[in-house]
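Letter by letter, the chains look like this.
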Amino acid sequence: MTAAPVPGTMRAWLLAPAPASRMQARFGRWFRAWLGFRRNPLAMSGLIIVLALVLVAIFAPLIADPDAAIHQVLEDRLQESSWAHWFGTDELGRDIYARVVFGSRITLTIVALVSMIVVPVGLGIGLPAGYFGGWIDTVLMRITDIFLAFPRLVLALAFAAALGPGIENAVIAISLTAWPPYARLARAETLTRRQAEFIQAAELQGASHFRIIATQIVPLCLPSVIIRLTLDMAGIILTAAGLGFLGLGAQPPSPEWGAMVSSGRQVLLDQWWVATIPGIAIFVTSLGFNLLGDGLRDVGDARG
Amino acid sequence: MPSWIAGVAKGAASIVVTLLGLLAITFFMGRMLPIDPVISIVGEQADKATYDMVYHRLGLDKTLLTQFLLYMRDMLSGEFGEALFTGNKVSVDLARVFPATIELASFAIAIGIGVGVPLGILAAVYRGTALDHIARFVGLLGYSSPTFWLGLMGLIVFYAALGLVAGPGRIDVAYIDMFEPQTGLLLLDAAMQGEWEVFGNVFRHIVLPGSILGYASMAYISRMTRSFMLEQLGQEYIIAARVKGMSRWRVVRRHALRNILVQLVTVIALAYAFLLEGAVLTETVFAWPGFGRYLTSGLLAGDMNAVLACVLIIGLIFVGLNLLADLLYRLLDPRTR
């Protein structure tokens, strides 16, 4: 343990053994979790990678020339790394550095959109299943199991092929295959709390089912859902890249990393950097999310 | 009625429901296509009579329910309809390409088990040491790399730069006529006929895609082995055995390992199923003439019939392997009886 915090500081307020308000208790709990998280170097490097990715995506036009990412300069095609083109150029003379930088926006967009679809759908199916039980549970969980029966990449591939190529369709395809684990998780979390006394108390006070689920159960499910989501991000990124690689994701000329690796295949043995560099970007990003998720899970375990 | 019969009956019912669900999903995926299936067969220039004839032959004038029942009949008969891009029945095509995938996946699972299980055990026994951290990190790298990219990098390094392995494909053209394919598993065929030169060539082809595919399953198997092992090592009977003076490794081998074997079998069955999925991208990269490349070729040719049949089959294999894992669990673990 660290030394006792100096009274009157922010730290002392956060670490107070007897918090005076609910807000103080909540912030204190988060701060303690953060202290645990901070001690884990792998988790911290994951956090740094993810933060760096977000910053690169936000400030992309400041650190790379947006025009160089799409503009074809055929006389400059397939150049090696140089001062003008840090990561070289691709088969159409576009700057790979600029494309990788702008590709981070596509990756983050896909991840964000999939999360925004998957969590509500998963909760919407898992919470009623766990809360009401009976035939509602049976029906909802059977549907979930059917979707779980397909391997994710193959199902996403089929959906993307059926819907037609494009980012929006890739997002829908990935979401259609990614929600079942959240339904399972939400159901399990609900089941463990269904009989708790505070739920019974709320019922006795006349709260509606919807109100109980929304105000009592959802907040308790969220931490495990968020941890699961962080661990899933890497898988979502890899699936999206796989779809892009097969030509089912973002369409040219947009700088999607998987599609960039695919375009480098034709010149793989002579101009290795064209396929290698975007692949490194995919790898580092998914590694970052995996490290972050592992760290969050460890913190979550320690608390639960 | 003994409880296990009830369990089996319940399991069978849930499998039937799952199968119906699989069929329904692939059926509706086929129906939400933006392409008109009739035009993709007869072409844009076909006259009205031809169009109507094909429309009728495909059963598109019937109700949705009738269409679904006809679809079920086609799928359950095991022929899976016709692949437009090869002109064969999908079942015929699949019988031709499946051995290549089985060979690749089996090579990969051998690596996954051979490296993953010992690594997981070591990581659990030496928990918290540098060895544990390295094992965890190696696994994380496996989880985080896109397999298709890893394949390309492998080709650059081990094929182009070092010349240690052979390039894409299953076998060099020069060797194809040197032996008689029987099982379709080339390593096995070559070994059975004593054609060691062919065996060597096939091995040089399979070692890179097999290892890359195996890496992903190794990451999964070692992580699971570690957590099963840790759970056992924390039990009181392990402490008791240690207190009696049994050596650490003897305890691991005689007690802990035996108790996790059942769980390991389940994990390995699932890992094998995931390999079939990983094979889709790996086979595309390595021009491996198996199931995965058949699926992606169908995809590029816009042949949804073949694609959906493949998806359905992968789903069936997944359900089958899950069922197998479940049965093995019941069979091997006396506590579930």
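Quick caveat, the model's predicted, so the values are computed rather than measured.

## Some remarks on the overall build of chain A
Helix and strand content of chain A: 14 helices and 0 strands. For chain A, the succession of helices and strands along the chain, N to C, is α-α-α-α-α-α-α-α-α-α-α-α-α-α. Counting only C-alpha atoms, chain A reaches 75 × 55 × 25 Å along its principal axes. When each of the 304 residues of chain A is scored for burial, the buried share is 52%. Expressed as a percentage of contacts within chain A between residues at least 6 apart in sequence, the contacts between residues at least 24 apart total 67%. Accessible area of chain A: about 14500 Å², with a carbon and sulfur share of 66%. Looking at chain A, you have 22 positive and 20 negative side-chain charges, and the mean spots of the two groups are 15 Å apart.

## Comments concerning a positive patch on the surface
Residues and elements named next belong to chain B. A cluster of like positive charges, contributed by R250, R253, R254 and R258, occupies part of the molecular surface. As for its position among the elements, R254 is in helix α11 (residues 248-286). Among the residues examined, R254 registers a relative accessible area of 40% and is labelled partly exposed.

## Thoughts on the packing of helix α7 (residues 147-161) of chain B against helix α9 (residues 196-233) of chain B
All names here are of chain B. The interhelical angle for the contact between α7 and α9, taken along N-to-C directions, is 140°, at an axis separation of 10 Å. Accordingly, the angle class assigned to the pair α7 and α9 is oblique. Seen from above, α7 lies across α9 with right-handed handedness. The segment α7 lies against α9, with T147, L150, G151, G154, L155 and F158 engaging L208, I212 and Y215. Counted by class, the contact of α7 with α9 contains 6 nonpolar, 3 polar and no charged residues.

## Some details on the side chain of T26 of chain B
Tracing the chain through its elements places T26 of chain B in helix α1 (residues 3-31). Classification of T26 of chain B as buried rests on a relative accessible area of 0%.

## Details of the interface of chain B and chain A
For an interface, size is often stated in terms of accessible area lost upon the parts coming together. Counting from both sides, the interface comprises 44 residues of chain B and, opposite them, 43 residues of chain A. Together chain B and chain A conceal approximately 3800 Å² of surface at their shared face, both sides included; 80% is due to carbon and sulfur atoms. The interface formed by chain B and chain A holds 2 salt bridges in total. Residue R136 of chain B is joined to D294 of chain A by a salt bridge in which the shortest nitrogen-to-oxygen separation is 3.4 Å. Where chain B touches chain A, the interface holds 7 residue pairs in polar contact (both at pLDDT 80 or more). For the side of chain B that touches chain A, a count of residues per class yields 32 nonpolar, 9 polar and 3 charged.

## Looking at the confidence of the model for chain B
All names here are of chain B. Of the residues in chain B, 94% have a pLDDT of 70 or more, and the chain-wide mean is 83. The secondary structure element of chain B with the lowest average pLDDT is helix α2 (residues 37-42), at 67, and the one with the highest is helix α5 (residues 90-125), at 91. The complex prediction reports pTM at 0.87, with the ipTM value standing at 0.85.

## Considering helix α6 (residues 130-144) of chain B
For α6 of chain B, which comprises 15 residues, the first-to-last C-alpha distance of 21 Å matches the rise-based estimate of 21 Å (1.5 Å per residue) to within 8%. If you check which residues of α6 of chain B are buried, you get D132, A135, G139, L140, G142 and S144 of chain B.

## Quick word on the nonpolar core
Within the largest apolar cluster, 168 residues are counted, with the highest numbers of intra-cluster contacts made by L157 of chain A together with F148 of chain B. The greatest single-element share of this core, amounting to 16 residues, is contributed by helix α12 (residues 209-245) of chain A. Two domains each donate at least three residues to this core, and these are domain 1 (3-76) and domain 2 (95-336) of chain B. Formed by 7 residues, the second largest nonpolar core is a distinct cluster that contains A60, A64, V101 and F102 of chain A.

## Considerations on the environment of G279 of chain A
Here G279 of chain A lies in helix α14 (residues 273-303). For the pair formed by G279 of chain A and I63 of chain A, sequence separation is 216 residues and the distance between their alpha carbons is 20 Å. Dropping the residues within four chain positions of it, G279 of chain A is found in contact with V261 of chain A together with P146 and W149 of chain B.

Conventions and cut-offs
Residues numbered from 1 in each chain as written. Chains lettered and ligands numbered in written order. Predicted model: local features only at pLDDT ≥ 70, side-chain atom pairs only at ≥ 80, totals over all residues. Heavy atoms only, no water. Helix = DSSP H or I, 4+ residues; strand = E, 2+ residues; numbered from the N terminus. Buried < 20%, exposed > 50% of the residue type's maximum accessible area, 1.4 Å probe, protein only. Contact = heavy atoms within 4.5 Å. Areas by Shrake-Rupley, 256 points an atom, 1.4 Å probe, with all protein chains shown as cover. Lys, Arg positive; Asp, Glu negative; His and termini not counted. Charge placed at Lys NZ, Arg CZ, Asp CG, Glu CD. Patch = residues over 30% accessible without salt bridge, like charges linked within 9 Å, V, L, I, M, F, W, Y side chains within 5 Å. Salt bridge = Lys/Arg side-chain N within 4 Å of Asp/Glu carboxyl O. Axes fitted to C-alpha atoms, helices over the stretch in contact; angles between N-to-C directions. Parallel < 35°, antiparallel > 145°, perpendicular 65-115°, else oblique. Left-handed = near helix turned anticlockwise from the far one by under 90°. Nonpolar A, V, L, I, M, F, W, Y, C, P; charged D, E, K, R; others polar. Buried area = accessible area lost by both parts, 1.4 Å probe. Polar contact = N/O pair within 3.5 Å; in protein donor to acceptor, adjacent residues only side chain to side chain. pLDDT = per-residue confidence, 0-100. Expected span 1.5 Å × (residues − 1). Core = buried A, V, L, I, M, F, W, Y, C linked by side-chain atoms within 4.5 Å. Domains from an automatic or database assignment.

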